[in-house]
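# Close look at the chain arrangement
If you want the building blocks of each chain, they are given just below.
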Amino acid sequence: MTSALKQHQESLNEKIVSTLQSRSSTPAPQLLSSLQPLRTQIVGLVQRNHMNAAFQQALSAMDLSVVMFLCDIVNPDKLFSGVPFPLDQPVLLSLVQQLSADLRTQTSLKFRYLEEALLNVDQKSAMMKEHLPAILEQLCSNADVVQQTQRLDPSLRRSAKRLIMTAKCLCHSLLSSSDDVFN
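Here's what I pulled together on the structure shown here. Keep in mind that this is a model prediction, so the values were computed, not measured.

## A look at the pattern of salt bridges
- What the rule picks out here adds up to 3 salt bridges.
- Between Asp-77 and Arg-112 there is a salt bridge, with its nearest N and O atoms 3.3 Å apart. Taken together, the positions of Asp-77 in helix 5 (residues 76-80) and Arg-112 in helix 7 (residues 107-119) put the pair 35 residues apart, joining distant regions of the chain.
- Judged by its relative accessible area of 37%, Arg-112 falls in the partly exposed class.
- For Arg-162, the salt bridge is made with Glu-115, and the minimal N-O distance between the two is 2.9 Å. Here the residue Arg-162 occupies a position in helix 9 (residues 154-177), and Glu-115 occupies one in helix 7, the gap between them amounting to 47 residues.
- For Glu-115, a relative accessible area of 18% gives the class buried.

Okay, structure coming up:
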């Protein structure tokens, strides 16, 4: 049983990395009725505290509405304070990519998740060093657009600034430490 779960997890991780390498954005939402079995499966995983598997399922759907459904039912404070950290780095990377693709809706929740996700990045991960800088650039660009075009309350405006600063610092750190991998 454990071996089969591990193989399934590795398969999903490979799909996530493959999608990231293609640099594709989140496709248009699927019909709500076709997503109900997936949502039910995701809820079951959350109830059993299988957070990594739940996020893998949601992210593999390549539908932001599924990811946001999961984010709505999982408290980010509990998720990101878990010891050991419950999300694998490929899952975290995909989460950042998909959440930052469109910051115009559910902005507050996305900012909370993104800020916490960035604080949990393994900066020594070769995969993160390779893929995350481009995603962080897009995140900063999208957050800046939201900041300039939407009326944000002062608290959300501060969150946007903090998120941009965190993303820029992390990007700089990843890029400056990439030489360390080869030394």
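Structure shown, so let's carry the discussion forward.
## Here's the deal with helix 6 (residues 89-100)
- For helix 6, which comprises 12 residues, the first-to-last C-alpha distance of 16 Å matches the rise-based estimate of 16 Å (1.5 Å per residue) to within 8%.
- Judged by how many residues are buried, helix 6 sits mostly within the fold: 12 of 12 residues are covered.
- Among the residues of helix 6, those classed as buried are Gln-89, Pro-90, Val-91, Leu-92, Leu-93, Ser-94, Leu-95, Val-96, Gln-97, Gln-98, Leu-99 and Ser-100.

## Remarks on helix 7
- Taking 1.5 Å as the rise per residue, helix 7 with 13 residues should run 18 Å; its terminal C-alpha atoms sit 18 Å apart, in good agreement.
- Along helix 7, the positions that sit buried rather than exposed are Thr-107, Leu-109, Lys-110, Phe-111, Tyr-113, Leu-114, Glu-115, Ala-117 and Leu-118.
- Contact partners of the buried residues in helix 7: helix 3 (51-60), helix 4 (64-73), helix 5, helix 6, helix 8 (126-149) and helix 9.

## Overview of the nonpolar core
- The biggest cluster of nonpolar side chains holds 53 residues, and the ones touching the most others in it are Phe-55, Cys-71, Leu-95, Leu-99, Tyr-113, Leu-132 and Leu-136.
- Secondary structure elements with two or more residues in this core: helix 2 (32-47), helix 3, helix 4, helix 5, helix 6, helix 7, helix 8 and helix 9.
- The biggest single contributor to this core is helix 8, with 9 residues.
- Not counting residues up to four positions away in its chain, the partners in contact with Cys-71 are Phe-55, Leu-95, Leu-99, Leu-109 and Tyr-113.

## Focus: unusual backbone geometry
- Residues Val-83 and Pro-84 are joined by a peptide bond in cis, for which omega reads -5°.
- Looking at the element boundaries, Pro-84 is found in the loop between helix 5 and helix 6.
- Of note, Met-62 is a non-glycine position whose phi angle comes to about 55°, a positive value.
- In this fold, Met-62 is placed in the loop between helix 3 and helix 4.
- Here Met-62 falls in the buried class, since its relative accessible area comes to 19%.

## Points about the packing of helix 8 against helix 9
- Where helix 8 meets helix 9, the closest approach of the two axes is 9 Å, and the angle between their N-to-C directions is 155°. Relative to helix 9, helix 8 is oriented roughly antiparallel. The handedness of the crossing between helix 8 and helix 9 is left-handed. Here Met-128, Lys-129, Leu-132, Pro-133, Leu-136, Leu-139, Cys-140, Ala-143, Asp-144 and Gln-147 of helix 8 come into contact with helix 9, specifically with Arg-157, Ala-160, Lys-161, Leu-163, Ile-164, Ala-167, Lys-168, Leu-170, Cys-171, Leu-174, Leu-175 and Ser-177.
- In terms of residue class, the contact of helix 8 with helix 9 is built from 15 nonpolar, 2 polar and 5 charged.

## Things to note about the packing of helix 3 against helix 6
- Contact geometry for helix 3 and helix 6: axes closest at 10 Å, N-to-C directions at 45°. Of the possible angle classes, the one that applies to helix 3 and helix 6 is oblique. At the point where helix 3 passes helix 6, the crossing takes the left-handed sense. Together, Asn-52, Phe-55, Gln-56 and Leu-59 of helix 3 and Val-91, Ser-94, Leu-95 and Gln-98 of helix 6 make up the contact between the two elements.
- Class assignment of the residues belonging to the contact of helix 3 with helix 6 gives a composition of 4 nonpolar, 4 polar and no charged.

What counts, and where the lines are drawn
- Residues numbered from 1 in each chain as written.
- Predicted model: local features only at pLDDT ≥ 70, side-chain atom pairs only at ≥ 80, totals over all residues.
- Heavy atoms only, no water.
- Salt bridge = Lys/Arg side-chain N within 4 Å of Asp/Glu carboxyl O.
- Helix = DSSP H or I, 4+ residues; strand = E, 2+ residues; numbered from the N terminus.
- Buried < 20%, exposed > 50% of the residue type's maximum accessible area, 1.4 Å probe, protein only.
- Expected span 1.5 Å × (residues − 1).
- Contact = heavy atoms within 4.5 Å.
- Core = buried A, V, L, I, M, F, W, Y, C linked by side-chain atoms within 4.5 Å.
- Axes fitted to C-alpha atoms, helices over the stretch in contact; angles between N-to-C directions.
- Parallel < 35°, antiparallel > 145°, perpendicular 65-115°, else oblique.
- Left-handed = near helix turned anticlockwise from the far one by under 90°.
- Nonpolar A, V, L, I, M, F, W, Y, C, P; charged D, E, K, R; others polar.

All quantities given are derived from atomic positions and should not be read as evidence of function.
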